[in-house]
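The residues making up each chain are set out below.
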Amino acid sequence: MNKEQLRSTANAMVQKGKGILAADESSPTCGKRFESIGVESTERNRNIYRDLLFTTSGMEEYISGVILFDETLRQSTIADGTAFPQYFKNLGVIPGIKVDKGAKELASHSGEKVTEGLDGLRDRLAEYYKLGARFAKWRAVITIGDGGIPTETCIHVNAHALARYAALCQEADIVPIVEPEVLMDGTHSIDTCHEVSQRAFARVFDELSRQRVFLEGIVLKPNMIVSGIGCSEQAGVKEVADRTVEVLKATVPDEVPGCAFLSGGQTNENATAHLNMMNVEHAESLPWNLTFSYGRALQASALTSWSGKDENIPTAQEAFFQRAKFNGLASKGSYSQELESEMA
Ligand code: 13P
């Protein structure tokens with residue numbers, strides 16, 4: 001394990017003013033996104049769409065790293081056939097790779113999931129390193145529901161798997177993004193999200209420490225503390241920001257260089273406003289940086305603008321650039337709602 005390299009990669013990923021683009025949708029998930037715009041999910045179309053995002057002029061001002069799916073790590077730019085990992089290297093953007101094999105039903109625990117993908121991971125990581133990946137992602141999913149969900153078992157097995165993955169990554173000099181996602185789906189209150197997330201994050205750090213993961217060489221990718229999507233009372237921006245910081249302060253050790261949030265189904269504007277508020281109100285009192293690692297909140301408007309048509313690529317790139325820029329500003333607490341209206 002090269003601790004110096006891990007530390008420097010992790011710090012670069014969460015540097016102020018920049019964040020991570022999650023473009024690692026598996027082919028089935030990409031299929032669903034494409035279906036929503038009436039585009040067939042072929043390998044070529046996925047290549048064209050990812051190329052559109054990655055070749056957006058100036059995106060490297062706000063994007064420190066990009067999470068790729070296995071297929072994309074092996075694809076190339078449309079214009080001149082440069083392999084994507086090399087393309088990113090030339091641009092000063094760090095290429096990363098999703099290595100989990102998805103969240104599957106947890107046996108004997110109806111309604112709960114555990115993430116698979118540990119078998120053979122050591123060999124896959126060695127290959128990914130050779131292909132240029134310098135960080136990885138593993139997403140654990142915690143559902144809030146009736147009948148005692150999440151169970152302690154679900155929280156435990158997911159935390160255990162995250163730590164096993166993280167240790168294997170570091171052995172291969174790859175920075176693990178540790179992603180425990182407490183889902184927004186449901187009618188639960190923000191209090192419940194607060195309590196469950198605190199328990200889940202605490203358990204993750206307990207497992208990371210037991211399994212001797214080097215905390216200076218990870219990036220935490222947590223959910224924010226929000227009201228369930230179906231909850232009749234929706235917490236405001238300030239409450240989400242304050243509660244999220246409260247939970248992180250209670251669970252995340254100082255050595256961790258940064259937290260890069262997932263957007264998890266929040267609207268584009270909320271995802272940006274929440275991150276900005278946390279940095280405006282709390283950045284100075286925090287030991288770690290707070291930034292973004294958004295998928296949908298960075299891509300949704302670009303995807304719709306594109307709709308599979310070549311002539312829409314410039315407009316789609318503008319839409320992506322705008323979200324990247326606004327979130328980059330939010331990671332420094334310099335975003336304001338007025339920017340949205342100016343752009344509109
Ligand atoms: P969302 O921002 O769309 O939640 O995706 C982030 C991600 O990478 C989930 O694993």
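Our structure is the block above this text.
First, a word on what this report is: a plain description of the structure on this page. (Residues numbered from 1 in each chain as written. Predicted model: local features only at pLDDT ≥ 70, side-chain atom pairs only at ≥ 80, totals over all residues. Heavy atoms only, no water.)

Here we take up the site of the ligand. By nearness alone, 13 residues border the ligand, and Lys137, Lys221, Ser263, Gly264 and Arg296 come closest of all. Between Lys137 and the ligand, the recorded distance is 2.4 Å, taken from a side-chain N or O atom to an oxygen atom. Taking Gly295, its main chain carries an N or O atom lying 2.8 Å from an oxygen atom of the ligand. Its free accessible area being 300 Å², the ligand has 92% of it covered by the protein chains. When its residues are assigned to classes, the shell around the ligand shows three nonpolar, four polar and six charged. (Near = heavy atom within 4 Å. Polar contact = N/O pair within 3.5 Å; in protein donor to acceptor, adjacent residues only side chain to side chain. Areas by Shrake-Rupley, 256 points an atom, 1.4 Å probe, with all protein chains shown as cover. Nonpolar A, V, L, I, M, F, W, Y, C, P; charged D, E, K, R; others polar.)

A few words on the nonpolar core. In terms of nonpolar packing, the biggest core is built from 111 residues, with Phe54, Val66, Tyr165, Leu208, Leu290 and Trp306 touching the most fellow members. Take this core: its biggest share by element is 10 residues, from helix 7 (residues 152–171). With residues near it in sequence (within four places) discarded, Val66 still touches Leu21, Ala23, Phe54, Met59, Phe88, Val93, Ile94, Pro95, Gly96 and Phe135. (Core = buried A, V, L, I, M, F, W, Y, C linked by side-chain atoms within 4.5 Å. Buried < 20%, exposed > 50% of the residue type's maximum accessible area, 1.4 Å probe, protein only. Helix = DSSP H or I, 4+ residues; strand = E, 2+ residues; numbered from the N terminus. Contact = heavy atoms within 4.5 Å.)

Owing to its 3.6 residues per turn, the α-helix aligns residues three or four sequence positions apart on the same side. Taking 1.5 Å as the rise per residue, helix 7 with 20 residues should run 28 Å; its terminal C-alpha atoms sit 29 Å apart, in good agreement. Among the residues of helix 7, those classed as buried are Cys154, Ile155, Asn158, Ala159, Ala161, Leu162, Ala163, Tyr165, Ala166, Leu168, Cys169 and Gln170. Looking at the buried residues of helix 7, the elements they touch are helix 1 (3–13), strand 5 (113–115), helix 6 (121–131), strand 6 (135–142), strand 7 (175–182) and helix 8 (190–210). (Expected span 1.5 Å × (residues − 1).)

Attention now goes to the pairing of strand 3 (residues 94–98). When you tally the buried positions in strand 3, you get five out of five residues, the bulk of the element. Residues Ile94, Gly96 and Lys98 line one face of strand 3 and the alternating positions Pro95 and Ile97 line the opposite face, and both faces are buried. For strand 2 (residues 63–68) and strand 3, the ladder comprises four bridges, and the chain directions are parallel. Residue Leu68 lies in a different strand from strand 3, and its bridge partner there is Ile97. As paired elements, strand 3 and strand 6 share three bridges and run parallel to each other. Each residue of the ladder has a partner; that of Gly96, found in strand 6, is Phe135. (Pairing = 2+ DSSP bridges.)

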